[in-house]
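An overview of the molecular structure
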Amino acid sequence: MTLHLECLDCDAGMRTLPDESIDHIFTDPPYIKAQYLQAYTTLANHAARLLRPSGFLYVYCPQYRLDEIFPMLMASGLRYYWIVSQLNLSETGMVYVRNAICLHKPILIFQKPPMKKCPLPFTDVIRGNKQKAYHIWQQDINDVLGLLCRFAVPGETVLDPFTGSGTTLLAAKLLGLNAIGFESNPDTFQVAQQRLQQEPLNLFDYAIDATGKSHEGISSRGYRPPSSTPPHLRVGTDECDRSTHRSRTEAP
Ligand SMILES: C[S@@+](CC[C@H](N)C(=O)[O-])C[C@H]1O[C@@H](n2cnc3c(N)ncnc32)[C@H](O)[C@@H]1O
């Protein structure tokens, strides 16, 4: 398992990566007006080249920019796969220009042809708990874990070109996947670096979806240190005693 994080503009970083060297791009570009258009354009320009055939792109997307971002991704050569809704029940976002009380955020999933279904069934509404200990824009690590443990298989490589505090890379590390990240802000880069060096988290409840239901026994398994076999592929072989498991914590 390899983990590579650089303090670098994502365009420069992605140019250094060989064609078809990435299995999954899981990312959360900046939404702020001055940066978002460039960010999604850069992503769209590189994603199809970098992904292996049937590789996946998962990208958080603000509702009010969907009309611009969707066609950009369609034009990149990738194909639409699905939309996952991340619920934001702890934080009500009022979008005044539409009078919309926004309680969810789309995560768009695209795939490089040929289209192939992901290895395990996934749920398309996820909880999105508020986790901001490391970064104001930090995403819930359970979003990433819950999707990657169903879409990724051992030995694959995950890229996050807008790493932020390192949520995607940490999730990949927990699942025993290879990970590459680029982050242009030196302070945020340092936060991500430190976070990635911390002790692994407890994985036991990552697969609980927005309905509160756990899946396939994945959530009832305790954390095992990453090995060549990610935890989701060991399901069914472990003893399960939920009462002995500690709560998931993400202390710095
Ligand atoms: C929305 S945040 C990502 C947050 C991340 N998902 C997390 O959980 O911490 C977007 C990140 O992209 C970084 N960024 C913006 N433009 C960039 C660029 N051109 N190259 C690399 N990183 C960039 C920002 O500094 C910010 O940390």
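To be clear, the structure that these remarks concern was listed above.
Residues numbered from 1 in each chain as written. Predicted model: local features only at pLDDT ≥ 70, side-chain atom pairs only at ≥ 80, totals over all residues.

The next subject is the site of the ligand. Close contacts around the ligand come from 19 residues, with Asp28, Phe162, Gly164, Ser165 and Thr167 the closest. Of all elements in the fold, only α2 (33-50) and β10 (178-183) reach the threshold of two or more residues within the shell around the ligand. In terms of residue class, the shell around the ligand is made up of six nonpolar, 10 polar and three charged. (Near = placed C-beta within 6 Å. Helix = DSSP H or I, 4+ residues; strand = E, 2+ residues; numbered from the N terminus. Nonpolar A, V, L, I, M, F, W, Y, C, P; charged D, E, K, R; others polar.)

Turning next to the sheet that holds strand β4 (residues 79-87). If you trace the eight strands from one edge of the open sheet to the other, you get β1-β10-β9-β2-β3-β7-β4-β8, paired in mixed fashion. In this open sheet, the two edge strands, each paired with only one partner strand, are β1 (3-7) and β8 (125-126). For strand β3 (residues 51-60) and strand β7 (residues 104-111), the ladder comprises five bridges, and the chain directions are antiparallel. Along β7, the bridge assignment pairs tyrosine 60 with isoleucine 107. Packed on one face of the sheet, α2 meets β2 (22-27), β3 and β9 (157-160) and runs near 150 degrees to β3. In the packing of helix α6 (residues 186-197) onto the sheet, the strands contacted are β1 and β10, and the crossing angle to β1 comes to about 160 degrees. (Pairing = 2+ DSSP bridges. Contact = placed C-beta atoms within 7 Å. Axes fitted to C-alpha atoms, helices over the stretch in contact; angles between N-to-C directions.)

On to the packing of α2 against helix α3 (residues 66-75). Remark: α2 packs on α3, axes separated minimally by 9 Å, with the N-to-C direction vectors making an angle of 20 degrees. Between α2 and α3, the angle falls in the class roughly parallel. When the axes of α2 and α3 are compared, the crossing they make is right-handed. Here Tyr40, Thr41 and Ala44 of α2 come into contact with α3, specifically with Ile69, Met72 and Leu73. (Parallel < 35°, antiparallel > 145°, perpendicular 65-115°, else oblique. Left-handed = near helix turned anticlockwise from the far one by under 90°.)

What follows concerns the environment of phenylalanine 70. By the secondary structure assignment, phenylalanine 70 is in helix α3. Judged by the 16 C-beta atoms lying within 10 Å of it, phenylalanine 70 falls in the partly exposed class. Along the backbone, phenylalanine 70 and phenylalanine 110 are 40 residues apart, and their C-alpha atoms lie at a distance of 10.0 Å. (Buried ≥ 20, exposed ≤ 12 C-beta atoms within 10 Å, placed from the backbone.)

A separate point is α2. Along its 18 residues, α2 runs 26 Å from first to last C-alpha, staying within 8% of the 26 Å computed at 1.5 Å per residue. Taken residue by residue, α2 has Ala39, Tyr40, Leu43, Ala44, His46, Ala47, Ala48 and Leu50 as its buried positions. For α2, the secondary structure elements touched by its buried residues are α1 (10-15), β2, β3, α3 and β9. (Expected span 1.5 Å × (residues − 1).)

Pairing of β4 with β7, which is carried by eight bridges, proceeds in the antiparallel orientation. Considered in β7, the bridge of valine 84 is made with isoleucine 107. Pairing analysis gives two bridges linking β4 to β8, with the strands arranged parallel. For serine 85, the partnering residue across the bridge sits in β8 and is valine 125.

By themselves, these are just geometric observations and shouldn't be taken as functional.
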